[in-house]
Amino acid sequence: MEQRQTQRIKTISEFHKLRGLPKPEHPLISVVDYSSIKQSVDIGEINWILDFYMISLKKGMIGKMHYGQQEFDFDEGVMAFMEPNQVFRIQPAHDPAEKRSGWMLLIHPDFLWNTSLVKTIKRYDFFDYSVNEALFLSEKEQRTISGIIENIKQEYHTNIDRFSKQIIISQIESLLSYSDRFYNRQFLTREKTNHQILERLENLLDDYFEHRISQHGLPSVQFLAEELNVSKKYLSTLLKVLTGQNTQQHIHAKLIAVAKEKLSTTNLSISEIAYEMGFEHPQSFSKLFKIKTDLSPLEFRAGFN
C-alpha cells in the first residue's frame, strides 16, 4: 500500500504561509481567493489534515481531490465542506489552461467559542459527507452564497469592534442554512441518481435479509453506506428527504415487513422467526416488533387466523 506523508496545518496563519498568501487579517477566520493560491510542486504527494473548518466554492479547477476512498473532479462550480481532522489530498493537473476561481472560508473552532454556532455547527450533516457528495449550485444560488461571503470579508476587513464577531457568526449561520436548503433541493432535483441509490439499497436489503441476517444480525448503517459507496450522513439525509425515514428506520421497516411476512405465511414459532432474523433473544425481537406495530408478534399472527 502506498505510504504518503501526512501534514497537519494547525492554524490559519500557517495555511496562508504554506500557500503563498499574505498574513491573514484575522487569526481565526479568513476568506481566501482561489486565484491567489500558489500550488506547490509536491502538493499532490501529501495527505493534509486541517485543524479548522474549510468551506469552499471552486470553479474552473482542473484536477482531482481525494477524500477517503473517493476521487472527485472539481472542474465545475461546486461547494464542499470539511470539518477539523478530516484527511484529504489534492491531485493537481498543472494545466496552463486552468483558470481557477472561487473562494474558501477558513474558520478556526476557537472563533466559535461563546457563540450559538459552537454547538449548532455539529448539526449540519454535510460536514460529514464524502467529497463526491459535494453541493452543486445554480448560478442564482452561487450569487446568494457569494454575497454572504462578501459580507463576511467586509466585516473583518473593517475595524474590529464588539459587534463584529456576532455579525460574522450570523453570516456564517446564514451560509450554513442556505447550504442546508440547497442540499435539500439537490436531493430532489437529482432524482434519477438518488432514486438509483434507493433502488440499490432495496436490492441490498433484500439480499441481506435473505442470505445473511440469521448469521450476522441486522445490517449496520455503516455497512449499507460502504456497500452503496456513500457516507453514512449522506445516506440518512437522502433517505429522510425521499422516504421520511433515516437509514436506521429504513432497516427496521424492512425487518418488520419481513417479520410480518413470516408471521402471516409460515408456521414458524416466534422464537424460530426471531433467530432467523438474527436476534439472540426472542424477547428482543418481540419488543422491537411491539414498538414498531403496537402489536406483539402473537397478536399480529392472531389477526390472520
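Everything numeric in this text was worked out from a predicted model, so none of it was measured. (Residues numbered from 1 in each chain as written. Predicted model: local features only at pLDDT ≥ 70, side-chain atom pairs only at ≥ 80, totals over all residues. Heavy atoms only, no water.)

### Thoughts on the pairing of strand β7 (residues 78–82)
Counting buried residues along β7, five of its five residues qualify, which places the element largely inside the surrounding structure. Residues Val 78, Ala 80 and Met 82 of β7 are buried on one face, and the alternating residues Met 79 and Phe 81, pointing to the opposite face, are buried as well. As defined by bridge partners, strand β4 (residues 53–59) adjoins β7 across five bridges and the pair is classed as antiparallel. Each bridged residue has a counterpart across the sheet, and for Lys 58 the counterpart in β7 is Val 78. (Buried < 20%, exposed > 50% of the residue type's maximum accessible area, 1.4 Å probe, protein only. Helix = DSSP H or I, 4+ residues; strand = E, 2+ residues; numbered from the N terminus. Pairing = 2+ DSSP bridges.)

### A word on the packing of aromatic side chains
Two descriptors summarise a pair of aromatic rings, namely the distance from one centre to the other and the angle between the planes of the rings. The full count for this structure, using the stated rule, is 18 aromatic pairs. Taking 5.7 Å as the distance between ring centres and 70 degrees as the angle between the ring planes, the aromatic pair formed by Phe 289 and Phe 300 counts as edge-to-face. Of this pair, Phe 289 sits in helix α11 (residues 282–293) while Phe 300 sits in helix α12 (residues 297–302), and the two are eleven residues apart along the sequence. We classify Phe 289 as buried; its relative accessible area is 1%. (Phe/Tyr/Trp six-rings, centres within 6.5 Å; stacked < 30°, edge-to-face > 60°.)

### Points about the environment of Phe 209
When you line up the elements, Phe 209 lands in helix α5 (residues 191–211). Once you skip the residues sitting within four places of it in the chain, Phe 209 turns out to touch Leu 218, Pro 219, Ile 251, Lys 254, Leu 255, Val 258 and Met 277. (Contact = heavy atoms within 4.5 Å.)

### Side note on the nonpolar core
In globular proteins that are soluble, nonpolar side chains generally tend to be buried together. Of all hydrophobic cores here, the largest spans 66 residues; its most connected members are Ile 55, Met 79, Leu 105, Ile 152 and Leu 176. A total of eight residues in this core trace back to one element, the largest contributor, which is helix α4 (residues 164–189). Ile 9, Ile 12, Met 54 and Met 104 belong to the second largest nonpolar core, which has 16 residues in total. (Core = buried A, V, L, I, M, F, W, Y, C linked by side-chain atoms within 4.5 Å.)

### Quick word on the packing of α4 against helix α8 (residues 232–243)
Taken N-terminus to C-terminus, the directions of α4 and α8 make an angle of 70 degrees; their axes are 10 Å apart at the nearest point. Overall, the two elements α4 and α8 adopt an arrangement that is roughly perpendicular. Read as a crossing pair, α4 and α8 show a hand that is right-handed. Residues Asn 184, Phe 187 and Leu 188 of α4 form the contact with α8, whose participating residues are Tyr 234, Thr 237, Leu 238, Val 241 and Leu 242. (Axes fitted to C-alpha atoms, helices over the stretch in contact; angles between N-to-C directions. Parallel < 35°, antiparallel > 145°, perpendicular 65-115°, else oblique. Left-handed = near helix turned anticlockwise from the far one by under 90°.)

### Some remarks on the packing of helix α3 (residues 139–157) against α4
Interhelical geometry of α3 versus α4 gives an angle of 165 degrees and a closest axis separation of 9 Å. What the angle tells us is that α3 and α4 run roughly antiparallel. Crossing geometry of α3 relative to α4 is assigned as left-handed. Residue-level contacts link Glu 141, Thr 144, Ile 145, Ile 148, Ile 149, Asn 151, Ile 152, Glu 155 and Tyr 156 of α3 to Ser 164, Ile 167, Ile 168, Gln 171, Ile 172, Ser 174, Leu 175, Tyr 178, Ser 179, Phe 182 and Arg 185 of α4. Partitioning the contact of α3 with α4 into residue classes produces eleven nonpolar, six polar and three charged. (Nonpolar A, V, L, I, M, F, W, Y, C, P; charged D, E, K, R; others polar.)

### A look at the environment of Ile 55
Examined against the element boundaries, Ile 55 turns out to sit in strand β4. Linking Ile 55 and Leu 176, residues 121 residues apart in sequence, is a C-alpha distance of 9.6 Å. Sequence-distant contacts of Ile 55, that is, excluding residues within four places in its chain, are made with Met 79, Ala 80, Phe 81, Trp 103, Met 104, Leu 105, Ile 107, Phe 127, Leu 175 and Leu 176.

### Topic: unusual backbone geometry
Non-glycine residue Asn 114 carries a positive phi angle of around 65 degrees. Tracing the sequence through the fold places Asn 114 in the loop between β9 (101–107) and α2 (117–120). By relative accessible area, Asn 114 is classed as exposed at 81%. Of note in the backbone geometry, Asn 229 takes a positive phi value of approximately 60 degrees without being a glycine. Here Asn 229 is to be found in the loop between α7 (221–228) and α8. When its relative accessible area of 44% is taken as the criterion, Asn 229 is described as partly exposed.

### Considering the pattern of salt bridges
For the structure on display, the rule yields eight salt bridges. As a salt-bridge pair, Asp 128 and Lys 233 come within 3.0 Å of each other at their nearest N and O atoms. On the criterion of sequence distance, the pair formed by Asp 128 in the loop between α2 and β10 (135–136) and Lys 233 in helix α8 is long-range, its members being 105 residues apart. Classification of Asp 128 as partly exposed rests on a relative accessible area of 28%. A relative accessible area of 30% places Lys 233 in the partly exposed class. Residue Lys 254 is joined to Asp 206 by a salt bridge in which the shortest nitrogen-to-oxygen separation is 2.3 Å. Taken as a pair, Lys 254 in helix α9 (residues 247–265) and Asp 206 in helix α5 lie far apart in primary sequence, 48 residues in all. With relative accessibility at 17%, the residue Lys 254 sits in the buried group. Each of Asp 125, Asp 128 and Lys 233 takes part in salt bridges that share partners, so that together they form one network. (Salt bridge = Lys/Arg side-chain N within 4 Å of Asp/Glu carboxyl O.)

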